[in-house]
Amino acid sequence: MMDRSYKNLLKMHRYPHTWCPGCGIGAVMKNVAMVLSELGWNHENTGVVSGIGCSGRMASYMNFDAVHTPHGRALTAAETIKTVRPDLNVIVLSGDGDLASIGGNHLLHTSRRNADITIFCNDNEIYGLTGGQAGPTTPKGTKTITSPRGEPYSPLRLGRILTHQAPYFYARTSVYHLNHFRTCIREALQWKGFSFVDIISDCIELNGRRLGFKTAHQMFKWFDERFHIVEGTRDHLAEDELGIAKAETELKEAPKPGEPLRVEAEPSKEDLKPLTLKDLQRFDGQEGKPLYVGYKGKVYDLSSSPLFQGDKRMRCHIAGKDLTREIEFAPHGEDLVLKFSVVGRLV
Amino acid sequence: MKGFLSGNEAVFQGALRAGAGYFAGYPITPSSEILQQAALHVEENPEFRFLQAEDEIAAAIAVISASLAGAKSFTATSGPGFSLMQEAIGWGHVVEAPCVFFNSMRVGPSTGMPTQPAQSDLLQIKGGSAGDYYPIAFYPNSVEECFRLTVAAFNAAEESLSPVVLLSDAFLSHLYEIVDLDAIEVATVPRKKEPLGKGQRLFTGISHDKMGNTRTSHPDIYQEWLAELKDRHLRVAEKYPLYDYVPCKGSDTLLIAFGITSRVIAPLKERFSLFRPIRIYPVLEEELQRITSAYRHVIVVEGNDGQYASWVECTIHRRVLRVPCLGGSFKLGAIRHHIEEGIRGAQG
């Protein structure tokens, strides 16, 4: 006997729901609810956020405190709820048009900030609620009511956008590959950080029929032809692969912050070699001699400075001179001199 | 905190006094100091949450969402950013999210004259978002009042369960005055609304019934909901009948000005009566009708082309003279000249 306790997470009294017969959204909602139920996530520890569109209506059928945002803003709302209430698990249920088109900027930045939320994207490659207009994920060449000659542009590759910078969790699955679908939901929910499940789904009424499919099942078979499941964890997924791509840290190690600077005790003034202004003049950096300058009673060795380039003069700074006054009036600070080593004191 | 504070600093301190726990914003002059102060405040107070968002759309959505999640929240912006926030403000009224939107006005439309002061976002408060809603908006004219009215805005938000707008201008935001905030006593209204995770409610921008079920083809449910919303907002607004009236004996002319303009024309109090609305919206109907009835000439001096004047005309059912201060120019000499010319024209 199948475990039906997931139904406690759905507002069954609101049924029948608003979606067309054959639509994939019902499968998305049911399977998410089943995994949530298995994991023990409920209205006391979880908040649900959704956007606008057919898929955005999922929030209103779920027995949680649910936030139904304006179009495209689900991710920002979810991130904020997690920020203010770290004790809550936050999931987002929405569609490809909402998340990737009008909410595209938020998708980039919420993933960049690695907000600890899980997104389930019903990716049906069309704007269904408004009547079947081309969307950000509509494949090139597809005829829709706003692309009567076939969509002229390539679709947004969510898999590439969301895996360009670790940490990331991106899973692509479909409503037809049920076991794989549930595995992806479970792994995404358990991932700490931003996790995105791209669910290839069907819109038979406003996309499928125009494409020539008679039933939703024919569309599912088409998904089976277009995609194949890859096992194990990948770094990235090819466009025809269903699977999980994840990385916890950058694949190529970023350079580590440098060793802490060693600060050597400055020699006391008396220990320094005394130099008169006349002595100083000899160290002008010419003919293999070191390049010294005076500053506030001390002599600094600027031989390694790239700025003089073998010349005796660099703008108003002259090698072998006391530059205290010049540096006071210079557009830069004294730090440019202080970083060099002290070799003597002016007497 | 006592010292030489700017309007923006006073607003931030006011928000903290009111119990704010969340700030989201996007840099825009002349409001950025508040974003910066929030970033610094988080360093010492990690329980305060802060987001520098990717745009004002996200900042405004974050503020509403933080409010639903249980924090007193606010944002700060200027005209162009306020335009982007309108979507969220409309949503905030429907999902009943108490929060504060601070708008420091500059010359518009669009990028306008960055960043000369103006007072030209009044119509945006009332009509920037789609549909009918009844916002409450306050407009201080001194640094101390920035502090007091920020607390009042948070209180009105909690009482009306909706976003409240606090106005300022580029002038007032960067005006420094000596204030002793510790000596100011203000009452704060605590959060009553249950935070998220306490039930199975639906917070949706779709028209809905009292149970939170979406109802998209029920005019009676919508009408009942809107009437309740309007009634609640007007009742809360009545608690804040804020204005300043300085009568001048023997004068037959009333000057109406608010925000920085009221400071600029203060020297004219020897010749004219002055009226300063502090609650900008809903318009102070009863007060305006009562006070203007005693004057032959009513003149509105404001940093836009007659936005408040048109509201006054609708309220008192007679023509008023307009003295617009445009392009960031608030010069007393020019204003006085305009006023005298207007009165001569009306008499002639």
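The rules behind each value
Residues numbered from 1 in each chain as written. Chains lettered and ligands numbered in written order. Predicted model: local features only at pLDDT ≥ 70, side-chain atom pairs only at ≥ 80, totals over all residues. Helix = DSSP H or I, 4+ residues; strand = E, 2+ residues; numbered from the N terminus. Rg over C-alpha atoms; globule rule 2.2 N^0.38 Å. Buried ≥ 20, exposed ≤ 12 C-beta atoms within 10 Å, placed from the backbone. Contact = placed C-beta atoms within 7 Å. Domains from an automatic or database assignment. Nonpolar A, V, L, I, M, F, W, Y, C, P; charged D, E, K, R; others polar. Pairing = 2+ DSSP bridges. Expected span 1.5 Å × (residues − 1). Arc of directions from axis to C-beta. Axes fitted to C-alpha atoms, helices over the stretch in contact; angles between N-to-C directions. Parallel < 35°, antiparallel > 145°, perpendicular 65-115°, else oblique.

Describing the overall build of chain A
Right, so step 1: Each helix and strand counted, chain A has 11 helices and 14 strands in total.
Right, so step 2: What you see for chain A is a C-alpha radius of gyration of 32 Å, clearly larger than the 20 Å of a compact globule of 347 residues, by over 25%.
Right, so step 3: In terms of overall dimensions, chain A has a C-alpha envelope of 95 × 50 × 35 Å along the principal axes.
Right, so step 4: Counting across all 347 residues of chain A, residues that qualify as buried make up 44%.
Right, so step 5: A separation of at least 24 residues holds for 64% of the contacts in chain A among residues at least 6 apart in sequence.

Some words on the domain arrangement of chain A
The accessible area lost on association of the parts is a frequent measure of interface size.
Right, so step 1: According to the domain assignment, chain A contains domain 1 (5-247) and domain 2 (269-346).
Right, so step 2: Between the C-alpha centres of domain 1 of chain A and domain 2 of chain A the distance comes to 65 Å.

Observations concerning the domain arrangement of chain B
All names here are of chain B.
Right, so step 1: Along its sequence, chain B is organised into domain 1 (2-238) and domain 2 (243-347).
Right, so step 2: For domain 1 and domain 2, the distance between their C-alpha centroids amounts to 27 Å.
Right, so step 3: Listed per partner, the contact involves 24 residues of domain 1 and 19 residues of domain 2.
Right, so step 4: Among the elements that take part in the side of domain 1 that touches domain 2, helix α5 (residues 122-127) stands out by supplying four residues, more than any other.
Right, so step 5: Split into classes, the residues belonging to the side of domain 1 that touches domain 2 amount to 18 nonpolar, four polar and two charged.

Description of the interface of chain A and chain B
Right, so step 1: With 26 residues of chain A in contact, the opposing surface of chain B contributes 30 residues.
Right, so step 2: Of all the secondary-structure elements, those providing two or more residues to the side of chain A that touches chain B are β2 (65-68), α2 (74-84) and α4 (104-112) of chain A.
Right, so step 3: Looking at the side of chain A that touches chain B element by element, the count peaks at six residues for α2(A).
Right, so step 4: Grouping the amino acids of the side of chain A that touches chain B by side-chain chemistry returns nine nonpolar, 12 polar and five charged.
Right, so step 5: Summarising the sheet, β2(A) and strand β10 (residues 202-204) of chain B pair through three bridges and their orientation is parallel. Bridge pairing in β10(B) places Val67(A) opposite Phe203(B).

Regarding helix α6 (residues 143-160) of chain B
Residue and element names in this part refer to chain B.
Right, so step 1: Between its first and last C-alpha, α6 extends 25 Å over 18 residues, near the 26 Å set by a 1.5 Å rise per residue.
Right, so step 2: Along α6, 18 of the 18 residues are buried, which leaves the element largely enclosed by surrounding structure.
Right, so step 3: At the exit of α6 stands Leu161, carrying a positive phi of roughly 55°.

As for helix α8 (residues 216-226) of chain A
Residues and elements named next belong to chain A.
Right, so step 1: Three or more residues of α8 are buried, namely Ala216, Met219 and Phe220. Taken down its axis, α8 places every buried residue within 105° of arc, on the same side. Away from its buried face, by an angle of more than 90 degrees, α8 presents the exposed residues Lys221 and Glu225.

Re the sheet that holds β2(A)
Right, so step 1: The nine strands are arranged β7(A)-β8(A)-β5(A)-β6(A)-β4(A)-β3(A)-β1(A)-β2(A)-β10(B) in an open sheet whose pairing can be described as mixed. Whereas interior strands pair on both sides, the edge strands pair on one side only; in this sheet they are β7 (228-234) of chain A together with β10 of chain B. Put simply, the sheet's adjacent strands are angled 15° from each other on average, direction ignored.
Right, so step 2: Sheet analysis places strand β4 (residues 118-123) of chain A next to strand β6 (residues 195-200) of chain A, joined by six bridges and oriented parallel. Looking at β6(A), one finds that Cys121(A) is bridged to Asp198(A).

What to know about the sheet that holds strand β14 (residues 342-346) of chain A
Residues and elements named next belong to chain A.
Right, so step 1: Taken in spatial order, the four strands line up as β9-β14-β11-β10 in an open sheet, and their pairing is mixed. Every interior strand has two partners, whereas the edge strands, β9 (273-275) and β10 (292-295), have only one. Neighbour to neighbour, the strand axes of the sheet diverge by 40° on average, direction disregarded.

Examining the environment of Tyr134(B)
Residue and element names in this part refer to chain B.
Right, so step 1: Tracing the backbone shows Tyr134 in the loop between α5 and β7 (136-138).
Right, so step 2: For Tyr134, a count of 19 C-beta atoms within 10 Å gives the class partly exposed.
Right, so step 3: Through-space distance from the C-alpha of Tyr134 to that of Gln347 is 38 Å; in sequence the pair is 213 residues apart.

Some thoughts on unusual backbone geometry
Right, so step 1: With an omega dihedral of 0°, the bond running from Ala166(A) to Pro167(A) counts as a cis peptide bond.
Right, so step 2: With respect to the secondary-structure elements, Pro167(A) resides in the loop between α5 (158-161) and β5 (168-174).
Right, so step 3: Look at the link from Tyr281(B) to Pro282(B): it is a cis peptide, with omega at -5°.
Right, so step 4: We note that Ser110(B) has phi near 55°; this positive angle belongs to a residue other than glycine.
Right, so step 5: On the secondary structure map, Ser110(B) appears in the loop between β5 (99-107) and β6 (113-117).

Structural notes on the packing of helix α10 (residues 285-292) of chain B against helix α11 (residues 307-316) of chain B
All names here are of chain B.
Right, so step 1: Their axes nearest at 9 Å, the elements α10 and α11 cross at an angle of 80°. What the angle tells us is that α10 and α11 run roughly perpendicular. Counting all contacts with α10, which are made through Glu285, Leu288, Gln289 and Thr292, the residues of α11 involved are Val312, Thr315 and Ile316.
Right, so step 2: By residue class, the composition of the contact of α10 with α11 is three nonpolar, three polar and one charged.

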